[in-house]
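What follows is the residue order along each chain.
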Amino acid sequence: MIPYSTQTIFNSDIKGVNKVLKSKWLTQGPLVNKFENRLSKIVKSKYSVAVNSGTSALHISCLALGLKPGDILWTVPNTFVASANCGLLVGGKVDFVDININSFNIDTNLLEKKLIQAKEKNKLPKVLVTVHFGGQPTEQDVIWRLSKKFKFKILEDASHALGAFYKKEPVGSCKWSDITVFSFHPVKTITTCEGGAATTNNLELYNKLRIFSNHGITKKKQFFKIKTNNSWHYEQHELGLNYRMSEISASLGITQLQNLKRFVILRNKVAKLYYKKLKADFIQLPVISKYCISSFHLFVIKIIGQSEDYHRKFFNFLRKKKINVNVHYIPVHLQPYYRKLGFKENLFKNSEKHATSSISIPIFPSLKKKEMFKIIKLINNYSN
Ligand SMILES: *Cc1c(COP(=O)(O)O)cnc(C)c1O
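Every value quoted in this text rests on a predicted model; they were computed, and no experiment measured them.

The rules behind each value
Residues numbered from 1 in each chain as written. Predicted model: local features only at pLDDT ≥ 70, side-chain atom pairs only at ≥ 80, totals over all residues. Heavy atoms only, no water. Near = heavy atom within 4 Å. Polar contact = N/O pair within 3.5 Å; in protein donor to acceptor, adjacent residues only side chain to side chain. Areas by Shrake-Rupley, 256 points an atom, 1.4 Å probe, with all protein chains shown as cover. Helix = DSSP H or I, 4+ residues; strand = E, 2+ residues; numbered from the N terminus. Nonpolar A, V, L, I, M, F, W, Y, C, P; charged D, E, K, R; others polar. Core = buried A, V, L, I, M, F, W, Y, C linked by side-chain atoms within 4.5 Å. Buried < 20%, exposed > 50% of the residue type's maximum accessible area, 1.4 Å probe, protein only. Domains from an automatic or database assignment. Contact = heavy atoms within 4.5 Å. Pairing = 2+ DSSP bridges. Axes fitted to C-alpha atoms, helices over the stretch in contact; angles between N-to-C directions. Patch = residues over 30% accessible without salt bridge, like charges linked within 9 Å, V, L, I, M, F, W, Y side chains within 5 Å. Salt bridge = Lys/Arg side-chain N within 4 Å of Asp/Glu carboxyl O. Lys, Arg positive; Asp, Glu negative; His and termini not counted. Charge placed at Lys NZ, Arg CZ, Asp CG, Glu CD.

### Concerning the site of the ligand
Surveying the vicinity of the ligand reveals 14 residues, the closest of which are Gly 54, Thr 55, Asp 157, Ser 183 and Lys 188. With respect to the ligand, the side chain of Thr 55 contributes an N or O atom lying 2.6 Å from an oxygen atom. One of the side-chain N or O atoms of Ser 159 is found 3.3 Å from a nitrogen atom in the ligand. When the free accessible area of the ligand is taken as 380 Å², the share hidden by the protein chains comes to 92%. Those elements that provide at least two residues to the shell around the ligand are helix H3 (54-64) and helix H4 (82-89). Its residues assigned to classes, the shell around the ligand comprises 3 nonpolar, 9 polar and 2 charged.

If you want it as structure tokens, here you go:
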């Protein structure tokens, strides 16, 4: 099976991890901090907090942004469930804004319309989670202007988009958001096995992210509420969690980051070949805005002018030929858990149509030319 994405591990990664295993620190050592600094430098953010998954990063971001029971979080249906679940985890209410049929990202016109309606009903969101689908950044500057007008916070779910740029700005710089979250799951641009991070330029948010990722505890004297000279003193200020990243993961993160540019270039090279060679008339290739450099976490082809059945058969055909294609994503609002909350079909038609017409074909740095040509041939020669 050729996977749709997978990690690329070099000797430098293995050497680094080996060294950690022989060192004093497996957790709470110096490498997490080093990884955070490197990440911040690359994405041009003031602060980073590394944690044990992208999902954890989304959760503590909602906590840090002050999303409280009853508060509203919006995101898109065309995402992994975690982008929405983080709102429910803190007791919030979740609603969705549909995607644009070309970018597969949040449709900013629909967003504005929904905001105007929500304002009239006094139901504005406190947080909007934007998702850079497949590695293509959303129109973050447009959304930023809307956030100032309608007074909501922006949390970028950039799980797909480490190494991507929007209007020359690296994703993660938080120029047009409050917090950006990354995932380092093996299918993403870099991996730490399981892992994630949140970046921000806001010191207050940074301190909260840090505290929530570590049981709500602070060891910093300047924050203490109790006067003491005890050198062992620490204080719990929030109800936090243990979402800390291990030293092993941080080491992987450091060596993987050294290859980030290379990974993004290699993913773009795969995409370039697909753009050049995929000629089947029943598919549409991804549309990347001229303002974006995509990290190409996914390469999603859309089946056009065909039935859902055609899509299903084509999908099964590729799987049978040992191409581990996937559908990104089953719309979150159609998951049984969300249906229980009252969501149903036809609420977000673009996302629903997307789910029954798109297929993610393999794209990752170590994908071989031979494999690419096999995939291209299978698609170009397909006849139902
Ligand atoms: C992968 C992913 C996550 C979750 O990241 P984990 O590190 O697996 O917890 C969240 N949102 C999106 C869009 C993702 O693709």
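We are not done yet, so read on.
### A short note on the nonpolar core
In terms of nonpolar packing, the biggest core is built from 54 residues, with Leu 73, Trp 74, Phe 96, Leu 111, Phe 152, Leu 155 and Ile 179 touching the most fellow members. Looking at which element gives the most residues to this core, the answer is H3, with 5 residues. Per-domain counts for this core show at least three residues from each of domain 1 (11-257) and domain 2 (260-380). Apart from the residues lying within four places of it in its own chain, the contact partners of Leu 155 are Leu 58, Ser 61, Cys 62, Leu 65, Val 127, Leu 128, Val 129, Thr 130, Ile 179 and Val 181. Counting residues in each nonpolar core, the second largest holds 31 residues, with Ala 271, Ile 303, Leu 318 and Met 372 among its members.

### Topic: the sheet that holds strand E15 (residues 358-361)
Pairing within the open sheet is antiparallel, and its 3 strands lie in the order E12-E14-E15. Either end of the sheet is taken by a strand with one partner, and the two such strands are strand E12 (283-284) and E15. As judged from the 2 bridges shared by E12 and strand E14 (residues 299-303), these two strands associate in the antiparallel manner. Following the sheet pairing, Ile 283 is matched in E14 by Ile 303. Across the sheet, helix H10 (residues 308-320) touches E14 and E15, and the angle it forms with E15 is around 15°.

### Re a positive patch on the surface
On the surface, a cluster of positive charge is made up of Lys 269, Lys 272, Lys 276, Lys 277, Lys 279 and Lys 369. Examining the composition of the positive patch, we find that 4 residues originate from one element, helix H9 (residues 260-277), more than from any other. Mapped onto the elements, Lys 277 comes out in helix H9. Residue Lys 277 is classed as partly exposed on the basis of its relative accessible area, which comes to 32%.

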